[in-house]
Every structure is written in C-alpha cells, then in structure tokens.
Amino acid sequence: MSIFSRVLGHGMTVFALVGESGTGKSFRAKLIAQENGIEAIIDDGLLIQNDKIVAGRTAKHEKTYMGAVRIALFDDKAHRDQVAKALQANKIKKLLIIGTSEKMVQKITSRLQIPLPSKIIKIEDIATREELEKAIRSRQIEGKHVIPVPAIEVKKSYSQIFHDSMKDFADKSSAKFKFFSLFGNKKQSTLEKSIVTPEFSKKGRIEISEAALSQMAMHCVSEFSKDIRIKKLSIKTNNRGYRLIITIDVPFGRQLTGEIHRLQHYVIENIEKYTGILIEEVSIIIDKITVNK
C-alpha cells in the first residue's frame, strides 16, 4: 500500500523518527517535518502544530525519569484522550512521531488509535557519527534537552525548565536530507527551538535495577502459572528498553505454543503497566518438559 493510499484510507499519514535517547531527534524534527510537508509532531507527550503546543504535556517537566517515560508513552488515559481528540479536531493529515524505538512508536500509535508509520526515518541515516556522538556527550554532561517549538511557547507553560532558545539556519538541499525528502523542497529556512533542563535530568536518571526487574518477571510467571518453573533469567538493556530471556521447565500436556505466547504478553504488559519502562522483547526457552509422578 502506498503512502498516498494510506492517507485516503485513514485520513492521516504517520511518519516516525527513531533513535536512542540523546542523539538529537528533537533537534532535527522540524527540518524533517518541513521537508516532508508534515504539519504536526508528537514529541515526549506533546502534540505540536505550526510551532504551537496544541495538546498534551511534556515528559520533560516530570520530576522522575520513570514519570517521564509514562508521559512519553501516553500511559495516562486522560492525557492520551486529550491528544487523540486534538488530532481529530485539527484534522491532522501528516504526523511525525519521535521515539527511541519502533516499538515505542507502535505503542504510541496504538494508544492514540492512529495508523502505524508508513515511513520510518532512523536518526543514524540523517546524522553523521560525529554529530551523534556530540549530541550524546552534550546530553550526558549538560543534561540539556530540545523541544521543537519557539521559546515563547515553552515559557508559557514550562518556564521552570526553560533554559535557552536557539535558531538553526538549515539548508534543506544538503545531501543528507535528500535521503528522506519526498517533495524535493530545496529552500533554506530558519528554525527556532527551545532548550530545557528537565527536573529528572537535574536529579539524575532513575532506573530500575536488574534484580528488581528479575523479581517482577518471576512474580509474573508465578502468577501466570504455578506449574511453570524458572530455571534461569537474564536481562539485557540498552537506551531503548529491556530484553528478558527466561528459561523454564513446563509440565507435560500443556498447549505450549499458545500458552508461551500468552505468557510473553502477560510478562510484558504487567511490567510495562507498573513501571512505565519499555520491554522490547521477552524470549522464553523451554529447557525441559516435566512429567508428574
């Protein structure tokens, strides 16, 4: 199905810009939007249209990292309902969603009940390695974040976290941006963005330990079925989320395929529900099928 048939079929075309935290996605979002005729952006819980915040609230205003994740994922029903209604009321035809992974973007589209992305742009395809490393260093050392709207918009609602504004004179005819341009707009433009210092950035990042996450996963498996025995549990982490690998013994006579899939969903849904963190994947390895004596 083409991009344009999606527009006719659903009334909205969704684009996604994905990349790890601190790699400069919000910094580049407005240029991508202008180049592709996209009128609205969802970034960290905010709906932005024509340089104005029209709905939502920013994750960057939260006092804890976990709270920020919940806002970015539209975990609160009232929050997501407000943004969904604004998308419909403003008749948004083209929307850019910024996320740390494709799974995060898919979760946002599901919660806002809008189409999946028809085009996914990866930050590493539009920024050099040097630019990415510089952005990450800046985030780690200074804790500065970008909101892709002019300073006057941020100061109105979020003056406590406002730090500075910047203007970027962007040449959209550069080779890098020809990569994802659909319309070949080669004009130059000045884009204003706001720099903020979130509360959670000032106080340091709050994460869940692997031990606590392991305990939650084991509790979920036990809740799901008392007959399933965990042999081994390991956790892999990156800036996008967590991956769990669970090795189990199961009793003979169970419908394995369907039950294992249900177990995977049960673990993911419950951990995400109670922590707000993103579980990228739960892999389950059946080590032994046991027979009751």
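Residues numbered from 1 in each chain as written. Predicted model: local features only at pLDDT ≥ 70, side-chain atom pairs only at ≥ 80, totals over all residues. Heavy atoms only, no water.

Draft legend 1. The side chain of Glu-272, seen in detail. With respect to the helices and strands, Glu-272 occurs in helix α12 (residues 256-275). At 2.8 Å, the side chain of Glu-272 forms a polar contact with the side chain of Lys-107. Only 3.0 Å separates the side chain of Glu-272 from the backbone nitrogen of Ile-279, close enough to count as a polar contact. The residues touching Glu-272, leaving out its near neighbours within four places in the chain, are Lys-103, Lys-107, Ile-277, Leu-278 and Ile-279. (Helix = DSSP H or I, 4+ residues; strand = E, 2+ residues; numbered from the N terminus. Polar contact = N/O pair within 3.5 Å; in protein donor to acceptor, adjacent residues only side chain to side chain. Contact = heavy atoms within 4.5 Å.)

Draft legend 2. Representation of the packing of helix α11 (residues 210-224) against α12 in the model. For the pair α11 and α12, interaxial distance at closest approach is 9 Å and the crossing angle is 135°. The angle between the axes of α11 and α12 places the two elements in the oblique class. Crossing of α11 over α12 shows right-handed handedness. Here α11 contributes Leu-213, Met-216, Ala-217, Cys-220, Val-221, Glu-223 and Phe-224 to the contact with α12, which in turn contributes Glu-259, Arg-262, Leu-263, Tyr-266, Val-267, Asn-270, Ile-271, Tyr-274 and Thr-275. (Axes fitted to C-alpha atoms, helices over the stretch in contact; angles between N-to-C directions. Parallel < 35°, antiparallel > 145°, perpendicular 65-115°, else oblique. Left-handed = near helix turned anticlockwise from the far one by under 90°.)

Draft legend 3. The arrangement of the pattern of salt bridges in detail. Tallying each qualifying case throughout the model produces 11 salt bridges. Linked by salt bridges that have partners in common, Arg-229, Lys-231, Asp-249 and Asp-287 make up one network. (Salt bridge = Lys/Arg side-chain N within 4 Å of Asp/Glu carboxyl O.)

Draft legend 4. Examining the environment of Leu-244 more closely. When you line up the elements, Leu-244 lands in strand β11 (residues 241-251). Along the sequence, Leu-244 and Ser-283 sit 39 residues apart, while their C-alpha atoms lie 6.1 Å from each other. The contacts of Leu-244, once residues within four sequence positions are left out, are Leu-213, Ala-217, Ser-234, Ile-235, Val-267, Ile-271, Ile-279, Glu-281, Val-282 and Ser-283.

Draft legend 5. The side chain of Ser-26, seen in detail. In this structure, Ser-26 sits in helix α2 (residues 25-35). Looking at Ser-26, the relative accessible area reads 11%, which means it is buried. (Buried < 20%, exposed > 50% of the residue type's maximum accessible area, 1.4 Å probe, protein only.)

Draft legend 6. Broad picture of the confidence of the model for the protein. Across the protein, pLDDT averages 79, with 74% of residues at or above 70. Note that residues 1-9 has pLDDT below 50 and, in this model, 10 contacts with residues that lie over four places away or in other chains. Here residues 169-188 scores under 50 on pLDDT; set against residues more than four positions off or in separate chains, the count is 45 contacts. (pLDDT = per-residue confidence, 0-100.)

Draft legend 7. Highlighting the packing of aromatic side chains. This structure, assessed with the given rule, holds one aromatic pair. Centroid distance Phe-224 to Tyr-266: 5.7 Å. Interplanar angle 55°. Geometry classified as tilted. On the criterion of sequence distance, the pair formed by Phe-224 in helix α11 and Tyr-266 in helix α12 is long-range, its members being 42 residues apart. Taking the relative accessible area as the measure of exposure, Tyr-266 reaches 25% and is therefore partly exposed. (Phe/Tyr/Trp six-rings, centres within 6.5 Å; stacked < 30°, edge-to-face > 60°.)

Draft legend 8. Layout of the environment of Thr-100. Looking at where Thr-100 falls in the secondary structure, it is placed in the loop between β5 (94-99) and α5 (102-112). Since its relative accessible area comes to 14%, Thr-100 is described here as buried. Taking the C-alpha atoms as reference, Thr-100 lies 6.1 Å from Ser-21; in sequence the two are 79 residues apart.

Draft legend 9. A look at the pairing of strand β1 (residues 13-18). When you tally the buried positions in β1, you get six out of six residues, the bulk of the element. Neither face of β1 is left uncovered, since the one carrying Thr-13, Phe-15 and Leu-17 and the one carrying Val-14, Ala-16 and Val-18 both have all their residues buried. Bridge analysis of β1 against β5 gives six bridges, and the strand direction is parallel. Opposite Val-18, over in β5, you have Gly-99 as the bridge partner. For β1 and strand β6 (residues 119-122), the ladder comprises four bridges, and the chain directions are parallel. Within β6, the residue paired with Ala-16 across the bridge is Ile-120. (Pairing = 2+ DSSP bridges.)

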